[in-house]
There are 2 protein chains.
Amino acid sequence: MATIKDIANRLGISVSAVSKGLNGASDISDELRQIVLDTAVEMGYSTKRSKKEEHRKLCIFIENMEYDTENQFGYDIVLGFKQNAFRHKWDVDLIPVTPSFQLSEKYDTFMLRNGYCGAFLIGFALHDEWMKQLEHTTMPTVLFDNYIKKNPNVCYIGSDNYEGIDLAVDHLYILGHRKIAFLNGSLHSMVSEQRQEAFYNSMQNHGLEVDEECTAFGYYVADSAKYHVPGFLSAGATAIICGNDLIASGVITECQLRGFRVPEDISVIGFDDLPFSSMLNPPLTTVRQERIELGKCGYVILNSLIHHIAISKTLIRPQLIKRESTARIE
Amino acid sequence: MATIKDIANRLGISVSAVSKGLNGASDISDELRQIVLDTAVEMGYSTKRSKKEEHRKLCIFIENMEYDTENQFGYDIVLGFKQNAFRHKWDVDLIPVTPSFQLSEKYDTFMLRNGYCGAFLIGFALHDEWMKQLEHTTMPTVLFDNYIKKNPNVCYIGSDNYEGIDLAVDHLYILGHRKIAFLNGSLHSMVSEQRQEAFYNSMQNHGLEVDEECTAFGYYVADSAKYHVPGFLSAGATAIICGNDLIASGVITECQLRGFRVPEDISVIGFDDLPFSSMLNPPLTTVRQERIELGKCGYVILNSLIHHIAISKTLIRPQLIKRESTARIE
């Protein structure tokens with residue numbers, strides 16, 4: 001692992017100049033500081049620095065996800081992470097990011113410059129600039145709902161989507177449903193792809209056929225329903241599993257608009273169990289993602305990565321929350 | 001959660017009799033003690049008891065796996081688990097078990113009677129009596145290389161076999177190999193099945209065809225080689241990936257007996273990186289399972305289960321260790 005002296009030798013400058021660059025002293029130029037930081041990252045200096053007691057700082061980067069109030073998906077994830085991190089005496093900064101922010105500085109350089117020992121990334125998209133950089137990062141990084149191959153410094157955590165969808169199919173099967181539709185979230189999302197595969201697997205394991213007219217990718221918004229629900233209803237579906245609770249709320253509305261009663265005529269299941277789900281009419285049966293546990297687990301895994309346990313993947317069990325939007329088929 | 005009083009009410013005996021049964025006092029009959037313990041388990045009393053400071057005891061159950069010396073697969077797994085557990089002030093008992101031992105007492109009852117807060121199970125077989133009981137256990141349990149559906153108290157940990165096999169195929173592909181054989185371990189093992197699927201996936205991702213004459217399930221012993229290597233060689237394989245290092249050692253011997261030089265005529269890759277692998281002739285290229293990390297991770301996950309974070313699955317990244325049993329194709 002590189003020392004300050006190695007960095008000084010590589011750059012042909014003094015040890016004290018390197019030290020100033022790393023510690024943010026004001027008496028060297030911004031240009032030289034950037035060169036020192038980039039070289040330190042390249043030479044793998046980061047991990048060494050992280051071990052100093054005074055730098056016990058972690059970071060949560062969040063994008064494409066709301067987290068300000070208890071109603072929002074990210075709120076409990078952030079809370080769970082912080083609860084566990086504070087208990088172990090870490091400081092945690094929460095930094096919302098945008099695509100342009102990611103273009104302004106390299107991930108590793110940002111981490112090193114700010115003295116973070118590791119980060120938890122929530123809501124990032126596959127095409128984000130930092131996602132590419134994670135393939136080679138030397139920073140301990142836990143990534144919610146996305147997977148990076150082969151880099152021992154990065155771990156994927158998320159809900160077990162296979163078990164979640166299986167819980168939904170199994171619940172409907174027991175209620176007598178045989179023609180089950182699936183309105184998934186967005187295409188090109190790892191989570192949607194897992195749930196799609198899970199749906200086909202679970203239907204097969206229950207001896208049920210998937211009707212291609214009864215599955216579709218939509219978007220993770222309520223509006224998705226109106227494009228697909230009419231087709232599902234004409235095809236004779238008696239139940240609709242939805243990619244999240246927002247979609248499910250749209251599906252319930254759309255069914256009711258078309259004169260179908262939920263759950264008497266058609267059963268609807270969501271995914272996530274956001275707080276509004278219990279307040280829908282009827283209250284929504286849904287697959288709950290345990291967001292506090294996901295956040296706590298994010299910390300536990302990040303701490304393991306910091307201690308050089310190269311975990312690649314960790315899944316949390318979802319739970320089926322039975323409410324009134326599903327019923328035994330008549 | 002049930003209290004001592006609940007158990008007393010259910011059984012129609014005094015609170016002090018229940019307490020004696022739970023705490024192993026000598027002035028009640030063995031029969032009554034067993035009834036108290038079984039009832040306590042049934043009523044979910046275990047978790048409550050586990051929180052008392054004086055009962056900070058964990059257990060490692062080990063079966064079908066050697067662990068006495070550094071050369072053996074289980075040694076570092078046990079070591080890693082203990083290292084992490086001791087740091088957090090847990091006592092750890094290591095208990096070798098047999099199928100008949102598992103028939104002598106229920107898993108939950110054994111755990112409760114001995115005051116364990118959680119257990120790490122290594123080397124268990126699918127048909128073991130306790131494996132069935134794990135579907136409904138209330139005891140926090142981490143299971144190495146086996147998966148239990150839907151029970152939030154049980155987590156599977158192991159190496160990422162998909163990534164491991166992909167590392168092996170990728171290494172051979174870069175060396176110019178196109179006709180790659182796979183001599184897997186035993187059929188009816190979750191790990192073997194994962195590696196089989198991983199082999200097909202990885203070959204496809206590399207644009208290579210799997211020749212059915214060049215894949216076989218054997219057993220996790222060196223002797224497996226002699227039944228399958230002749231067929232692989234006649235089919236024209238230039239490289240053989242093996243289910244573990246023992247199989248690979250047999251494969252090297254078998255190739256050499258038949259006049260094939262390793263690696264000049266045929267490349268061989270193992271799985272595990274047991275200490276003897278570097279002493280084979282030639283030293284074995286292999287996919288290393290990080291056993292110390294697996295053990296440490298076993299503790300981290302068990303501790304999370306004890307704190308009600310329902311992790312279902314955690315995978316550790318394997319590493320490719322390049323030695324002299326693989327070479328560029330001539």
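Residues numbered from 1 in each chain as written. Chains lettered and ligands numbered in written order. Predicted model: local features only at pLDDT ≥ 70, side-chain atom pairs only at ≥ 80, totals over all residues. Heavy atoms only, no water.

**Here we look at the overall build of chain A**
Now for step 1: The number of helices and strands found in chain A is 13 helices and 12 strands.
Now for step 2: Considered along the principal axes of its C-alpha atoms, chain A spans approximately 80 × 35 × 30 Å.
Now for step 3: Across the 330 residues of chain A, 58% fall into the buried class.
Now for step 4: Counting contacts in chain A only where the partners sit at least 6 residues apart, residues at least 24 apart contribute 70% of the total.
Now for step 5: Carbon and sulfur atoms provide 51% of the accessible area of chain A, an area that totals close to 14000 Å². (Helix = DSSP H or I, 4+ residues; strand = E, 2+ residues; numbered from the N terminus. Buried < 20%, exposed > 50% of the residue type's maximum accessible area, 1.4 Å probe, protein only. Contact = heavy atoms within 4.5 Å. Areas by Shrake-Rupley, 256 points an atom, 1.4 Å probe, with all protein chains shown as cover.)

**Details of the side chain of Asn 161 of chain A**
Residue and element names in this part refer to chain A.
Now for step 1: In this fold, Asn 161 is placed in helix α9 (residues 161-174).
Now for step 2: On the basis of relative accessible area, Asn 161 is assigned to the buried category, the value being 2%.
Now for step 3: Excluding anything up to four places from it in sequence, Asn 161 contacts Val 191, Gln 194, Arg 195, Ala 198 and Phe 271.

**Describing the pairing of strand β10 (residues 285-288) of chain B**
Residue and element names in this part refer to chain B.
Now for step 1: Summarising the sheet, strand β9 (residues 267-272) and β10 pair through four bridges and their orientation is parallel. Bridge pairing links Ile 269 to Thr 285 in β10.
Now for step 2: Sheet topology note: the β10/strand β12 (residues 319-321) ladder contains three bridges and is antiparallel. The residue of β12 that forms the bridge with Arg 288 is Gln 319. (Pairing = 2+ DSSP bridges.)

**A closer look at helix α2 (residues 15-23) of chain B**
Residues and elements named next belong to chain B.
Now for step 1: Regarding α2, the residues found buried are Ala 17, Val 18, Gly 21 and Leu 22. The buried residues of α2 occupy an angular sector of 135 degrees when projected down its axis, which confines them to one face.
Now for step 2: Positive phi shows up at Gly 24, right after α2, with a value of about 70 degrees. (Arc of directions from axis to C-beta.)

**What about the interface of chain B and chain A?**
Now for step 1: Across the contact, 29 residues belong to chain B and 29 residues belong to chain A.
Now for step 2: For the pair chain B and chain A, the summed buried area comes to about 2200 Å², and 50% of that belongs to carbon and sulfur atoms.
Now for step 3: When the area that chain B buries against chain A is broken down by residue, the three leading residues are Lys 150, Ile 309 and Arg 317 of chain B, summing to 31%.
Now for step 4: Across the contact surface, chain B and chain A share two salt bridges.
Now for step 5: One can count 25 residue pairs in polar contact (both at pLDDT 80 or more) joining chain B with chain A. (Buried area = accessible area lost by both parts, 1.4 Å probe. Salt bridge = Lys/Arg side-chain N within 4 Å of Asp/Glu carboxyl O. Polar contact = N/O pair within 3.5 Å; in protein donor to acceptor, adjacent residues only side chain to side chain.)

**Description of the sheet that holds strand β6 (residues 180-184) of chain A**
Residues and elements named next belong to chain A.
Now for step 1: On the basis of which strands lie adjacent, the open sheet formed by six strands has the order β7-β6-β8-β9-β10-β12 and mixed pairing. Only two strands of the sheet have a single partner each, and these edge strands are β7 (215-217) and β12 (319-321). Taking the axes of each pair of neighbouring strands and ignoring which way they run, one obtains an average angle of 15 degrees across the sheet.
Now for step 2: Each of β6, β7 and β8 (239-242) is contacted by helix α11 (residues 224-234), which is oriented at about 160 degrees to β6, the strand it contacts most.
Now for step 3: Seen against the sheet, helix α12 (residues 245-257) touches β6, β8, β9 (267-272) and β10 (285-288) and runs at an angle of roughly 160 degrees to β9. (Axes fitted to C-alpha atoms, helices over the stretch in contact; angles between N-to-C directions.)

**Description of the relation of the copies chain B and chain A**
Now for step 1: Between chain B and chain A, which share one sequence, the superposing operator has a rotation angle of 180 degrees and an axial displacement of 0.0 Å; the RMSD is 0.1 Å. Here the transformation between the copies is reduced to the relation of a two-fold axis. No C-alpha of chain B approaches the rotation axis more nearly than that of Thr 314 of chain B, which lies at 2.2 Å.
Now for step 2: With an isologous cut-off of 70% or more, the 100% of interface residues of chain B that recur at the interface of chain A puts this contact in the isologous class. (Least-squares fit on C-alpha atoms with pLDDT ≥ 70 in both.)

**Section: the environment of Arg 317 of chain A**
Now for step 1: Its place among the elements puts Arg 317 of chain A in the loop between β11 (311-316) and β12.
Now for step 2: A relative accessible area of 3% means that Arg 317 of chain A is categorised as buried.
Now for step 3: Arg 317 of chain A sits 202 residues away from Gly 115 of chain A along the chain, and the two C-alpha atoms are 33 Å apart.
Now for step 4: Engagement of the side chain of Arg 317 of chain A in a polar contact is seen with the backbone oxygen of Val 154 of chain B, the distance being 2.6 Å.

**Section: the confidence of the model for chain A**
Now for step 1: Model confidence for chain A is summarised by a mean pLDDT of 92, while 97% of its residues fall at 70 or above.
Now for step 2: Here the predicted complex carries an ipTM of 0.82, next to a pTM of 0.85. (pLDDT = per-residue confidence, 0-100.)

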